[in-house]
Protein chains: 2
Amino acid sequence: MRRIIVDAMGGDHGPGVVVDGALQAAEEYGVEVTLVSQSDAVESELSRRKFNPSAVSVLTADGAVDMHDSPSRALKRKDSSMRVAFDRLKAGEGDGLVSAGNSGAMMAIGMFVLGRLPGVDRPAILTVTPSLSGGTVLLDGGANTDCKPRQLVQFAHMGAIYAEKILGHANPRVGVLSNGEEDGKGNELTREAVRELHATELNFMGHVEGRDITNGRVNVVVCDGFTGNVALKTMEGLGQFVSSALKGAFRSSLLSRLGYLLCRGAIRSAYDRLDYARYGGAPLIGLNGVAVVAHGGSSAEAIKNAVRVAGEAVSQDINGYIVSALDKPDG
Amino acid sequence: MRRIIVDAMGGDHGPGVVVDGALQAAEEYGVEVTLVSQSDAVESELSRRKFNPSAVSVLTADGAVDMHDSPSRALKRKDSSMRVAFDRLKAGEGDGLVSAGNSGAMMAIGMFVLGRLPGVDRPAILTVTPSLSGGTVLLDGGANTDCKPRQLVQFAHMGAIYAEKILGHANPRVGVLSNGEEDGKGNELTREAVRELHATELNFMGHVEGRDITNGRVNVVVCDGFTGNVALKTMEGLGQFVSSALKGAFRSSLLSRLGYLLCRGAIRSAYDRLDYARYGGAPLIGLNGVAVVAHGGSSAEAIKNAVRVAGEAVSQDINGYIVSALDKPDG
């Protein structure tokens, strides 16, 4: 049985939501969860819930990383719940880790405690976005503002392994995110990365555009963390805009209210395809260990899914495949 | 009466759609349109339509810029419809210009024929995106892959003037697109641009994130053309994804089909808020003249709106305000 350590102090909605999500994951996926609490916060939440005590344990820390802490400040707090979670993962007391905390702090602590996989210069935030062909892997989602071409090449290998082993895309199509596909498009970084990626054995499509993230043309999109973060947050903003525009439209007349009632289920299922919460969490891929960051605004369902994502990365041995791939001459 | 020169050979759908849009604009907005045709393509379209002959004239060119032509190749074709359109604008035979052609070619020809406004290093593609507060001006949408901080400062001034004079945002809020707002976020370009923009008289909000493009927090978003193009095309792709997911959902059962019929009008009005076609065209702002690029896949309505956008830029004297603003010490 896989053992996932969950930082219960991450997230904007307090430990109750994290505890709910972790307990649901324990029940639904048969994983063992270890909740890291600040003082008795988790115990007090657990006392109000029913759960299988053999699947749930609690560790106590003295503090928590704040969403506004800088990575360097977070690194100095050796007693935070996030730090304790990483320390225990490193000590072998879990197979993977989930936190809905500050992703910059998570990356800094993860790098310090776990280090990188051999062949990886810098870990990346790997996000699965919705797409017409069942999910696109995008990385880096924001860990590395500036990147070198060889880092994008490493991201491509890591993303392709994830797309194949977790999303089930055989021989996944990989592209470098750019401002166009024509000759002369791209910047210095992307043009050199494209040149290097053509020399790998990856199923590489060259430069791709923003619309290719969702249209299914590729399964893996690589970019620096600045560009990836802009793309992901632009999608998040547009999703909220559309949702708000549709809500307003449905409320605009009695007829449209009635129509909405009739197709509500269908609309919800369409929203579900869009909802990041279902994808549940972004692995910090390239760390020497499995760590998944859940969105700060995560619901219990998102936490549950982040635990699932961590468990899948463990059971599919994603890190083992990455080490093999980046050990090859073309890596 | 304003006179708009329309390159009838741009666009993916052939000259018929462009002619339709231009005739609609002439009728609806009372503008005079000059259509630039390759050989008799436009005459043959016009012969099948009714229109007011005193508002419509035709110029003939010997060729057309292809969507795949490089800017340098397009510049060499002195007889293309796009080149003729710019030459006639320069000669004072029109007040503004519209093309649904290749935007790189348009920028190159525009720079060569019209030149830049004083104080502008490089013109930018200015796009109006949907937002919860009635439209956000985003620039650069793709003309300049790499930018210097002072170019972003110029974009900010140009965008703020456009947001105020055309969209009606008094004292518009301006932000620099970045991967986060916290200290330490942003890249070398954006951090220096933020420093310089704080010293201007603009209503400047610092770094903003992708979601702020649509959530109404700012009215103007500035970025280099690489980042802007990725953001705009990511929005375009997600819009198509949502539309496809909803269509699938409405078709999923008899009940949801019925519901859709009842709220169809409301949904269409929500889509309209999203639809780029309504915004109609992106000015190449900073050129010494008014030139508007319409999306290559433009419908007649989009062409009509691009003509409106060109007419508004002329009648609001956007370029005059830009020259005044960039003449100030802080520009």
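Scope of this entry: the structure provided in the associated data block. (Residues numbered from 1 in each chain as written. Chains lettered and ligands numbered in written order. Predicted model: local features only at pLDDT ≥ 70, side-chain atom pairs only at ≥ 80, totals over all residues. Heavy atoms only, no water.)

When its secondary structure is counted, chain A shows 12 helices and 12 strands. Taken over the C-alpha trace, chain A has a radius of gyration of 20 Å; the compact-globule value for 331 residues is 20 Å, and the two agree within 12%. On the principal axes, the C-alpha backbone points of chain A span a range of 60 × 60 × 35 Å. Within the span of chain A, comprising 331 residues, buried residues form 57% of the whole. Taking the intrachain contacts of chain A between residues at least 6 apart in sequence as the baseline, contacts between residues at least 24 apart amount to 70%. (Helix = DSSP H or I, 4+ residues; strand = E, 2+ residues; numbered from the N terminus. Rg over C-alpha atoms; globule rule 2.2 N^0.38 Å. Buried < 20%, exposed > 50% of the residue type's maximum accessible area, 1.4 Å probe, protein only. Contact = heavy atoms within 4.5 Å.)

Laying chain B over chain A is done by rotating through 180° and shifting 0.0 Å along the axis; what remains is an RMSD of 0.0 Å. A rotation of that kind, with that shift, is consistent with a two-fold axis. Minimal C-alpha separation from the rotation axis in chain B is found for Gly 259 of chain B, amounting to 1.9 Å. A share of 100% of interface residues in chain B that are also interface residues in chain A marks the association as one of identical surfaces. (Least-squares fit on C-alpha atoms with pLDDT ≥ 70 in both.)

All right, on to the interface of chain B and chain A then. On the chain A side, the residues contacting the 51 residues of chain B number 51 residues. Counting each side, the surface lost to burial between chain B and chain A is near 4,500 Å², with a carbon and sulfur contribution of 72%. At the boundary of chain B and chain A, one finds four salt bridges. Here Lys 233 of chain B ties to Glu 209 of chain A by a salt bridge, and the two come within 3.0 Å at their closest N and O atoms. Counting across the interface, chain B meets chain A through 10 residue pairs in polar contact (both at pLDDT 80 or more). Broken down by secondary-structure element, the contributors of at least two residues to the side of chain B that touches chain A are helix H8 (225-250) and helix H9 (254-274) of chain B. Considering each element in turn, the side of chain B that touches chain A owes the most residues, 20 residues, to H8 of chain B. In the side of chain B that touches chain A, the residues fall into 24 nonpolar, 21 polar and six charged. (Buried area = accessible area lost by both parts, 1.4 Å probe. Salt bridge = Lys/Arg side-chain N within 4 Å of Asp/Glu carboxyl O. Polar contact = N/O pair within 3.5 Å; in protein donor to acceptor, adjacent residues only side chain to side chain. Nonpolar A, V, L, I, M, F, W, Y, C, P; charged D, E, K, R; others polar.)

In this section: the sheet that holds strand E10 (residues 220-222) of chain A. Residues and elements named next belong to chain A. Spatially, E6-E7-E10-E8-E9 is the arrangement adopted by the five strands of the open sheet, whose pairing is mixed. In this open sheet, the two strands that pair with only one neighbour each are strand E6 (127-129) and strand E9 (203-208). Pairwise comparison of adjacent strand axes, ignoring direction, gives a mean angle of 25° for this sheet. Note that strand E8 (residues 173-177) and E10 share three bridges and pair parallel. (Pairing = 2+ DSSP bridges. Axes fitted to C-alpha atoms, helices over the stretch in contact; angles between N-to-C directions.)

On to helix H7 (residues 188-198) of chain A. Along H7 of chain A, the residues that are buried comprise Leu 189, Thr 190, Ala 193, Val 194 and Leu 197 of chain A. Projected down its long axis, H7 of chain A carries its buried residues within an arc of 125°, all on one side. Looking at H7 of chain A, the residues exposed on the side facing more than 90 degrees away from the buried face are Glu 188, Arg 195 and His 198 of chain A. Those residues of H7 of chain A that are buried lie in contact with helix H6 (149-165), E8 and E9 of chain A together with H8 of chain B. (Arc of directions from axis to C-beta.)

This paragraph deals with the side chain of Asn 144 of chain A. Tracing the sequence through the fold places Asn 144 of chain A in the loop between strand E7 (136-139) and H6. Residues in contact with Asn 144 of chain A, not counting those within four places in the same chain, are Arg 122, Pro 123, Ala 124, Phe 155, Asp 224, Gly 225 and Phe 226 of chain A.

Glancing now at the sheet that holds strand E5 (residues 124-125) of chain A. Residue and element names in this part refer to chain A. Spatially, seven strands are ordered E3-E2-E1-E4-E12-E11-E5 in an open sheet, and the strand pairing comes out mixed. Looking along the sheet, the strands with just one partner apiece sit at the ends: strand E3 (56-61) and E5. Here E5 runs beside strand E11 (residues 282-285); their pairing, made up of two bridges, is antiparallel. The partner of Ile 125 across the bridge, within E11, is Leu 284. Relative to the sheet, helix H5 (residues 103-113) contacts strand E4 (96-99), E5, E11 and strand E12 (291-293), its axis offset from that of E12 by approximately 170°.

Moving on, we come to helix H11 (residues 300-315) of chain B. If you check H11 of chain B, its first and last C-alpha atoms are 23 Å apart, about what 16 residues at 1.5 Å a residue would give, namely 22 Å. Those residues of H11 of chain B not exposed but buried are Ala 300, Ala 302, Ile 303, Lys 304, Asn 305, Ala 306, Val 307, Val 309, Ala 310, Gly 311 and Ala 313 of chain B. (Expected span 1.5 Å × (residues − 1).)

All names here are of chain A. With an omega of 10°, the peptide bond running from Leu 139 to Asp 140 counts as cis. Summarising the element assignment, Asp 140 is placed in the loop between E7 and H6. For Ser 39, which is not glycine, the phi dihedral falls at a positive 40°. On the secondary structure map, Ser 39 appears in the loop between strand E2 (32-38) and helix H2 (41-46).

In this section: the packing of H8 of chain B against H9 of chain B. Residue and element names in this part refer to chain B. For the pair H8 and H9, the least separation of the axes is 10 Å and the interaxial angle reads 155°. Taken together, the axes of H8 and H9 lie roughly antiparallel to each other. On H9, the residues that touch Ser 243, Leu 246, Ala 249 and Phe 250 of H8 are Ser 256, Arg 257, Tyr 260, Ile 267 and Tyr 271. Partitioned by chemical class, the residues of the contact of H8 with H9 number six nonpolar, two polar and one charged. (Parallel < 35°, antiparallel > 145°, perpendicular 65-115°, else oblique.)

This paragraph deals with the pairing of strand E2 (residues 32-38) of chain B. All names here are of chain B. Across the seven residues of E2, five count as buried, placing the element largely inside the fold. With five bridges connecting them, strand E1 (residues 3-7) and E2 associate as parallel partners. Bridging across to E2, Asp 7 finds its partner in Val 36. At this point the chain moves from E1, through helix H1 (residues 15-29), to the parallel E2, and the crossover so formed is right-handed. Bridge count between E2 and strand E3 (residues 56-61): six bridges; the pairing is parallel. In the strand pairing of E3, Val 36 is matched with Leu 59. Running through helix H2 (residues 41-46), the crossover from E2 to the neighbouring parallel element E3 is right-handed. (Right-handed = clockwise from strand over helix to strand, strands pointing away.)

Before going further, it helps to spend a moment on the packing of aromatic side chains. Each aromatic ring pair is described using two quantities: the centre-to-centre distance and the angle formed by the ring planes. Overall, the coordinates contain two aromatic pairs over all chains when judged by the stated rule. When the ring of Phe 250 of chain B is compared with that of Tyr 260 of chain B, the centres are 4.8 Å apart and the planes differ by 35°; the resulting orientation is tilted. Of the two residues, Phe 250 of chain B is situated in helix H8 and Tyr 260 of chain B in helix H9; the sequence distance between them amounts to 10 residues. We classify Tyr 260 of chain B as partly exposed; its relative accessible area is 24%. Over the ring of Tyr 321 of chain A we find Lys 165 of chain A, and its NZ or CZ is 4.1 Å from the ring centre. (Phe/Tyr/Trp six-rings, centres within 6.5 Å; stacked < 30°, edge-to-face > 60°. Lys NZ or Arg CZ within 6 Å of the ring centre and 35° of its normal.)

Our next topic: the packing of helix H4 (residues 81-90) of chain B against helix H5 (residues 103-113) of chain B. All names here are of chain B. At a minimum axis separation of 10 Å, H4 and H5 run at an interaxial angle of 35°. When you trace H4 past H5, the crossing you get is right-handed. Between H4, through Met 82, Arg 83, Phe 86, Asp 87 and Lys 90, and H5, the contact on the second element is made entirely by Ala 105, Met 106, Ile 109, Gly 110, Phe 112 and Val 113. Here the residues of the contact of H4 with H5 sort into seven nonpolar, one polar and three charged. (Left-handed = near helix turned anticlockwise from the far one by under 90°.)

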